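Spelled out from the first residue to the last, the chains are:
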Amino acid sequence: MSIWEILAVFAAGVGAGTINTIVGSGTLITFPVLLATGLPPVTATVSNALGLIPGSISGAIGYRKELAGQRRRIIRLCIGAAIGGLTGATLLLALPSTAFETIVPVLVAMALVLVILQPRISKAVQRRREHTGTVARTDGGPLLFTGLMLASVYGGYFTAAQGIIYLSLMGMLLDDTMQRLNAVKNVLAAVVNSIAALFFLFVAHFDWTAVVLIAVGSAIGGQIGAKVGRRLSPTVLRALIVAVGTAAIVQLLLR
């Protein structure tokens, strides 16, 4: 890499770490930059997955206060995320690179609709529970476990906008604040990235220069994202999710 390419990859890592911690979709920043340096798509995807691990961990640490009291929920959901992440990483090497390209924009669009409607749907669900006398499950039940596991299959495959899908599912099925759900999202992303990366280390080609640059940049970005994201109101955070998700859909459709 030239010095300008090195600076561009590092800056992309900072940006990806920041946006991943707040919303998700940081891969849409790093992936095009890696392709611009001349890396093949699969090598860029693998290098990106490895490099974003420190950013995911950094973001989760930054949200540690919001993680308090969620240990059982996180452990259960992380099991599904790990299974899905490993499956997605395997599919990346087994399927053609265009396999998910048609379904991804649809998934992100559906997730954005759920994010927008989540307050109304949550109120409707709460009224129904009060009427029937049922108590909400704190872990989201089998539906959330299965949904997050399937979302993690996609996360292990490409990762772009996986955080938006996580937030939409948890927002629908868990009665909790957006900030606490965002903290869980960061942990799940760290698990998926780590599982996929460990798999890639043994079976795929990657570029160590790109990995190191993104790793350092995303770790810095994770702390920036945590400081910014924790100060956002639920309404602003939801609006940011929709804005980033819309940009993600446009970029995916134009690729």
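Conventions and cut-offs
- Residues numbered from 1 in each chain as written.
- Predicted model: local features only at pLDDT ≥ 70, side-chain atom pairs only at ≥ 80, totals over all residues.
- Heavy atoms only, no water.
- Helix = DSSP H or I, 4+ residues; strand = E, 2+ residues; numbered from the N terminus.
- Polar contact = N/O pair within 3.5 Å; in protein donor to acceptor, adjacent residues only side chain to side chain.
- Contact = heavy atoms within 4.5 Å.
- 1 Å grid on protein atoms, 1.4 Å probe; cavity = no way out; pocket = protein on both sides within 12 Å on 5 of 7 lines; lining within 4 Å.
- Points joined across faces, edges and corners; volume = space filled by probe spheres on them.
- Core = buried A, V, L, I, M, F, W, Y, C linked by side-chain atoms within 4.5 Å.
- Buried < 20%, exposed > 50% of the residue type's maximum accessible area, 1.4 Å probe, protein only.
- pLDDT = per-residue confidence, 0-100.

Draft legend 1. Structural detail: the side chain of N186. Turning to its location among the elements, N186 is positioned in helix α10 (residues 178-203). Within the structure, N186 has its side chain in polar contact with the side chain of K185 (distance 3.0 Å). Every residue in contact with N186, bar those within four places of it in the chain, is listed here: N20, T21, S56, G59, A60 and Y63.

Draft legend 2. Layout of empty space enclosed by the protein. What the rule picks out here adds up to 2 cavities of 30 Å³ or more. Looking at the largest cavity, its volume works out to about 150 Å³. What lines the largest cavity is a set of 16 residues, among which N20, S56, Q162, A189 and N193 lie closest to the centre. Only α1 (3-22), α4 (53-62), α9 (162-173) and α10 provide two or more residues apiece to the lining of the largest cavity. The element best represented in the lining of the largest cavity is α10, accounting for 4 residues.

Draft legend 3. Spotlight on the side chain of T37. Mapped onto the elements of the fold, T37 is located in the loop between α2 (27-36) and α3 (41-51). Of note is the side chain of T37, whose polar atom sits 2.6 Å from the backbone oxygen of L34. Residues within four places of T37 in sequence aside, it is in contact with M1, E5 and V9.

Draft legend 4. Local environment of the nonpolar core. Counting 54 residues, the largest nonpolar core has L148, M170, L188 and F200 as its most contacted members. Counting residues per element, this core draws most heavily on α10, which supplies 10 residues. Each residue touching F200, except ones within four places of it in the same chain, is listed here: V46, A49, A89, L92, G156 and F206.

Draft legend 5. Structural detail: the confidence of the model for the chain. Per-residue confidence for the chain gives a mean pLDDT of 80; residues scoring 70 or more make up 81%. Across the chain, helix α11 (residues 208-229) holds the top mean pLDDT of 91, while helix α7 (residues 103-132) sits lowest at 64.

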